[in-house]
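Coordinates in review
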Amino acid sequence: MTDLTELPAIFAAPLPVVRAPRLVLRPYAAEDAEEVEPLLDHPEISAGTLSIPHPYPKGGAVTWIAEHPESWRAGRQATWAVTADGAIVGAISLRLTLAHRRAELGYWIARPEWGQGYATEAVCAAIGFAFEELGLHRVDAHHLTENPASGTVMRKAGMQHEGRRRGAIVRAGVPRDVEEYAILRTDPRS
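Residues numbered from 1 in each chain as written. Predicted model: local features only at pLDDT ≥ 70, side-chain atom pairs only at ≥ 80, totals over all residues. Heavy atoms only, no water.

**Describing the side chain of Ser 93**
Note the cut-off: Elements are defined by DSSP. Helices are runs of H or I of four residues or more, strands are runs of E of two residues or more, and each kind is numbered from the N terminus. Type-normalised accessible area, obtained with a 1.4 Å probe on protein chains alone, sets the label of each residue: buried when under 20%, exposed when over 50%, and partly exposed for intermediate values. The contact criterion used throughout is that any non-hydrogen atoms of two residues lie within 4.5 Å.
Tracing the chain through its elements places Ser 93 in strand E4 (residues 87-97). Owing to a relative accessible area of 15%, Ser 93 belongs among the buried residues under this scheme. Those residues in contact with Ser 93 that lie beyond four places of it in its chain are Gln 77, Ala 78, Thr 79, Glu 104, Leu 105 and Gly 106.

Dropping the structure here:
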């Protein structure tokens, strides 16, 4: 990706499916809303993310999923359903800044699926897509300091800790610190 005056051709087609050893990352479909909404309506999911509210609003997944195709076509964001054996176990996204050949990674895994390595596998797959299919140079991510499990996932995926931003996020009216991680195309990957 050298000329960024127009979007690369990949954005003219639907968001591609990404396969990992145990997981399939696929675009969300409208009919997934009913399955995904109860997964999002969990206090620990909300507590570990920056933008998922609890309680999760009824019908919120319909609106969220409906935004995905246009965000992809515009080159702003890729959002996949993380699936294992056909069932949705979470979501992962790359918020794209194509002019700088970078993306910000975000993800959540359903509470009953924690501890099975799904987050690390999905993060590795999304990073691979960012570098190999989109030609990006950098993928970064952050997590709330009180959610160290996310830092473990990021390190397992080959991301390097770049520091802490003190009071960078206000969550539930309280300033929170976030830990910053990144991986470059030239870094070794897991």
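Text resumes after the structure shown.
**Comments concerning the packing of aromatic side chains**
For any pair of aromatic rings, the description consists of the separation of the ring centres together with the inter-plane angle of the planes. Operational definition: Paired rings are identified among Phe, Tyr and Trp, the last through its six-membered ring, by centres lying within 6.5 Å, and are further divided according to the angle between planes into stacked (under 30 degrees), edge-to-face (over 60) and tilted (the rest).
Scanning the model with the defined rule gives four aromatic pairs in all. Ring centres of Phe 11 and Trp 72 lie 4.4 Å apart, and the angle between their planes is 45°; on these two criteria the pair is classed as tilted. A residue pair is termed long-range when its members are at least 10 positions apart, and Phe 11 in the segment before strand E1 (18-19) and Trp 72 in helix H3 (residues 60-73) qualify at 61 residues. Each of the two residues, Phe 11 as well as Trp 72, counts as buried. Ring pairs connect the aromatic residues Phe 11, Trp 72, Trp 80 and Phe 129, which therefore count as one cluster.

**Some words on helix H5 (residues 148-156)**
We count it as follows: Here the arc refers to the directions that run from the helix axis out to each C-beta atom.
All of the buried residues along H5 are Ser 150, Gly 151, Val 153 and Met 154. Relative to the axis of H5, the buried residues are bounded by an arc of 155° and lie together on one face. Exposed side chains of H5 directed beyond 90 degrees from the buried face belong to Pro 148 and Lys 156. Where H5 is buried, its residues touch strand E5 (102-109), helix H4 (118-132), strand E6 (138-144) and strand E8 (174-184). Just beyond H5, the residue with positive phi is Gly 158, at close to 95°.

**Looking at the packing of helix H1 (residues 33-40) against H3**
Selection criterion: Between N-to-C directions, angles span 0 to 180 degrees; the directions come from axes that are lines fitted to C-alpha atoms, helices contributing only their stretch in contact. By the definition adopted for this analysis, an angle is roughly parallel if under 35 degrees, roughly antiparallel if over 145, roughly perpendicular if from 65 to 115, and oblique otherwise. Each helix crossing is assigned a hand: it is left-handed if the near helix lies turned anticlockwise from the far helix by less than a right angle, otherwise right-handed if that turn is clockwise. Polarity classes work like this: nonpolar for Ala, Val, Leu, Ile, Met, Phe, Trp, Tyr, Cys and Pro, charged for Asp, Glu, Lys and Arg, and polar for all others, with Gly in that last group.
At a minimum axis separation of 8 Å, H1 and H3 run at an interaxial angle of 115°. In terms of orientation, H1 lies roughly perpendicular with respect to H3. Handedness of the H1/H3 crossing: right-handed. Facing H1, whose interface residues are Ala 33, Val 36 and Glu 37, H3 presents Gly 60, Ala 61, Val 62 and Ile 65. Grouping the constituent residues of the contact of H1 with H3 by class yields five nonpolar, one polar and one charged.

**Focus: the pattern of salt bridges**
As a reminder of what qualifies: Definition used for salt bridges: Asp or Glu carboxyl oxygen within 4 Å of a side-chain nitrogen of Lys or Arg.
The final tally for this structure, using the stated rule, is 12 salt bridges. Here Arg 165 makes a salt bridge to Glu 180, at a shortest N to O gap of 2.6 Å. Taken together, the positions of Arg 165 in strand E7 (residues 160-171) and Glu 180 in strand E8 put the pair 15 residues apart, joining distant regions of the chain. Connected via shared salt-bridge partners are Arg 102, Arg 138, Asp 140 and Glu 162.

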